[in-house]
Amino acid sequence: MLYQTPRGTYDILPEEIHKWQETEDLIRRITKKYRYSEIRTPYFESTSVFARENDSSDMVNKEMYTFTTGSESYTLRPEGTAGVIRSFDQHKLYGSMEMPARFYYMGAMFRHERPQKGRQRQFHQFGVENIGIKNPQIDAETIALGYDIVKEMGISSVKVLINTLGDDISRENYRTALREHFAPYLDELCGDCRRRYDQNPLRILDCKTDHEHPAVQNAPKLSEYLNDESRQYFADVLHALDALGIPYEIDEKLVRGLDYYTHTVFEVVSTRPDSGAQATVFGGGRYDHFVSYYGGPDLSGIGFAIGLERLIALASEEGHPFTKDDAVDVYVIGLGDVAEEVLKILQDLRHAGFRADGNFVRRSLKAQFKSADRSGAEYIVIIGEDEVKNGTANVKKTAERVQETVAIGSLAETLRAWKGSQK
Ligand code: HAM
């Protein structure tokens, strides 16, 4: 039987991995400019870290991979934010770190969703959390970081969608208005929306099943229920984005799929017509009550997460020139009974700083040259039994098709000199 990866998961094979490594390097380089530090939290947490009281999101209610060991219930992390905040509170980092505390993370997340293009059950996120200071400029700076990454990946067909969910009072007033609005249509809405009606009617606006329903289309707008403070906060965020020259579109229907947001919420979506389910490259927002939920002080934070599969797919579609960097410098060909000598030469070359590969089994010269060619080597070292006896090797510069005889003991030195003279 041939075993397969579970549905919604996949292998990232060596032929693709360079795209991931380059993307991760680029992200780390940019994120450091913004003074973020990496944090690594466990891939599973106590279920209660994710299944927060009264949470109405699909992610928590339908998509979690939860398992029990003994009497403990654990869940594979469906997202990164909860673990970071749990860690921030557990280690009282608010006492030891400068505010705002800035964290980033990269790694796999797990959601039991219906797999399709751009939607997997195990996927990877890069995310940031900026915790401790509530300020519109920080919101704009956070969006700018994500925007920088997308742009540096060569993705130009994207737009920033932004909205505000306002403060608690504004949102509560809005929820009341939504309940009044949806009450006559409850029978016509899906089962999930009937649950959402009680738990959090804002979620109805985000429903994939009912989004064409006239009651959803004509629902009252949150902007009509914002108090002055919330309105001003949002205006300041938009002003800061204008100052940075980041284009955005206000999307009053944008409520985001997770429950913890307050004030600013945003998504960056692809405008390519074929992007389908993978259209949303990243999403995030501000959260006022998350830090205190896990037992910490009353601090606000903001963050976002980029789906790395989607980022890499879009960059590839837009022609980003990912470069493969797996060529070796030297390939050692062995003829006759010289495998151990090949091994010793390879190790010497590697310890001298070269990338080196070679051949240990008896194969024809032609076959070994083919391997050398595939390895991308700049130099090919050829040794046979006679050369080993004489302590010499023949070295070919692949580009120039010249061959020289060099003492085995000074191979590394000679190659270094040749490499140096090329520059
Ligand atoms: P999210 O919108 O659930 O937010 O996910 C962020 C991004 O992860 C999405 O825009 C998408 O690119 C990617 N993503 C989500 N689910 C999948 C999937 N099943 N397959 C492939 N990619 C996926 C969050 O996770 C929040 N924690 C973001 C945040 C951080 N908010 C504040 N801080």
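Residues numbered from 1 in each chain as written. Predicted model: local features only at pLDDT ≥ 70, side-chain atom pairs only at ≥ 80, totals over all residues. Heavy atoms only, no water.

Novice: So what about the packing of aromatic side chains? Which residues, and what values?
Specialist: Applying the stated criterion across every chain, the model contains 19 aromatic pairs. On the basis of an interplanar angle of 80° and a centroid distance of 6.3 Å, the ring pair of F266 and F282 is categorised as edge-to-face. In this pair, F266 is assigned in strand β9 (residues 262–270) and F282 in strand β10 (residues 280–287), connecting sequence segments 16 residues apart. F282 matches F266 in its accessibility class, with the two residues each being buried. The structure contains a cluster of three or more aromatic residues connected by ring pairs, namely Y260, Y261, Y287, F290, Y293 and Y294. Its guanidinium or amino end placed over the ring of Y43, R77 lies 4.0 Å from that ring's centre, counting from NZ or CZ. When the ring centre of Y233 is taken as origin, the NZ or CZ atom of K134, which lies over that ring, is 6.0 Å away. (Phe/Tyr/Trp six-rings, centres within 6.5 Å; stacked < 30°, edge-to-face > 60°. Helix = DSSP H or I, 4+ residues; strand = E, 2+ residues; numbered from the N terminus. Buried < 20%, exposed > 50% of the residue type's maximum accessible area, 1.4 Å probe, protein only. Lys NZ or Arg CZ within 6 Å of the ring centre and 35° of its normal.)

Novice: Quick rundown of the packing of helix α6 (residues 136–152) against helix α10 (residues 228–244)? Include the residues and the values.
Specialist: Their axes nearest at 8 Å, the elements α6 and α10 cross at an angle of 45°. Considering their axes alone, α6 and α10 lie oblique with respect to each other. Where α6 crosses over α10, the handedness of that crossing is right-handed. Residue-level inspection shows P136, D139, A140, I143 and A144 of α6 in contact with α10, the latter providing Y233, D236, V237, A240, L241 and L244. (Axes fitted to C-alpha atoms, helices over the stretch in contact; angles between N-to-C directions. Parallel < 35°, antiparallel > 145°, perpendicular 65-115°, else oblique. Left-handed = near helix turned anticlockwise from the far one by under 90°. Contact = heavy atoms within 4.5 Å.)

Novice: Quick one: what's the story with a nonpolar patch on the surface, residue by residue and with numbers?
Specialist: Together, L343, F360 and V361 give the surface a local cluster of nonpolar side chains, amounting to about 270 Å² of exposed area. Relative to the elements of secondary structure, L343 occurs in helix α13 (residues 339–351). You can call L343 partly exposed: its relative accessible area is 39%. (Patch = residues over 30% accessible without salt bridge, like charges linked within 9 Å, V, L, I, M, F, W, Y side chains within 5 Å. Areas by Shrake-Rupley, 256 points an atom, 1.4 Å probe, with all protein chains shown as cover. Salt bridge = Lys/Arg side-chain N within 4 Å of Asp/Glu carboxyl O.)

Novice: Account for unusual backbone geometry, with residues named and values stated.
Specialist: With an omega of 0°, the peptide bond between M99 and P100 qualifies as cis. Topologically, P100 is positioned in the loop between α5 (93–96) and β5 (101–110). Positive phi is not limited to glycine here, since N54 has a value of about 65°. Considering the arrangement of structural elements, one finds N54 in the loop between α2 (47–50) and α3 (58–62). With a relative accessible area of 60%, N54 lands in the exposed category.

Novice: Describe the sheet that holds strand β8 (residues 248–250), with residues and values.
Specialist: Overall, mixed pairing links the eight strands, which are arranged β1-β5-β6-β11-β10-β9-β7-β8 in an open sheet. Looking at the sheet topology across the chains shown, the edges are occupied by β1 (37–38) and β8. Inspection of the sheet shows β10 paired to strand β11 (residues 301–307) by six bridges, in the antiparallel sense. Each residue of the ladder has a partner; that of Y287, found in β11, is G301. Each of β5, β6 (122–131), β7 (158–164), β9, β10 and β11 touches α6; the most contacted strand, β11, lies at about 15° to it. (Pairing = 2+ DSSP bridges.)

Novice: Lay out the site of the ligand in plain terms, naming residues and giving numbers.
Specialist: Every one of the 27 residues lining the ligand counts as a neighbour, but E79, T81, E113, Q120 and Y261 are closest to it. The separation between a nitrogen atom of the ligand and a polar side-chain atom of Y260 is 3.0 Å. About the coverage of the ligand: the protein hides 96% of its 660 Å² of free accessible area. Elements represented by at least two residues in the shell around the ligand include exactly β6, β10 and β11. When residues in the shell around the ligand are grouped by element, the largest group, seven residues, is from β10. Tallied by class, the residues present in the shell around the ligand amount to ten nonpolar, ten polar and seven charged. (Near = heavy atom within 4 Å. Polar contact = N/O pair within 3.5 Å; in protein donor to acceptor, adjacent residues only side chain to side chain. Nonpolar A, V, L, I, M, F, W, Y, C, P; charged D, E, K, R; others polar.)

Novice: So what about the side chain of K397? Which residues, and what values?
Specialist: Looking at where K397 falls in the secondary structure, it is placed in strand β15 (residues 392–397). Of the side chains with opposite charge, E400 lies nearest to the buried K397, which makes no salt bridge, at 4.0 Å. Leaving out residues up to four positions away in the same chain, K397 has contacts with E378, Y379, V402 and W418. (Lys, Arg positive; Asp, Glu negative; His and termini not counted.)

Novice: Tell me what's going on with the environment of S292, and back it up with residues and numbers.
Specialist: The topology assignment puts S292 in helix α11 (residues 290–293). With 19 residues separating them in the primary sequence, S292 and L311 have C-alpha atoms 32 Å apart.

Novice: Please provide a residue-by-residue account of the sheet that holds strand β4 (residues 72–76), values included.
Specialist: Taken in spatial order, the three strands make up an open sheet running β2-β4-β3, and their pairing is antiparallel. Bordering the open sheet on either side are β2 (44–46) and β3 (66–69), each of which pairs with just one other strand. Direction aside, neighbouring strands of the sheet carry axes that sit 35° apart on average. In terms of strand pairing, β3 meets β4 through four bridges, oriented antiparallel. Following the sheet pairing, F67 is matched in β4 by Y74.

Novice: Give me the nonpolar core: which residues, what numbers.
Specialist: The biggest cluster of nonpolar side chains holds 48 residues, and the ones touching the most others in it are F88, F103 and F182. Discounting chain neighbours no more than four positions away, the residues touching F182 are L189, Y197, I204, L205, A215, V216 and A219. Listed in part, the 43 residues of the second largest apolar core include Y104, I143, L308 and L314. (Core = buried A, V, L, I, M, F, W, Y, C linked by side-chain atoms within 4.5 Å.)

Novice: Hey, could you go over helix α8 (residues 191–199) for me, with residue numbers and the actual values?
Specialist: Those residues of α8 that sit buried are C193, R196 and Y197. Around the axis of α8, the buried residues are gathered within 110° of arc, so they sit on the same side. Buried positions along α8 lie against α3 and α7 (168–182). (Arc of directions from axis to C-beta.)

Geometry only, nothing functional implied.
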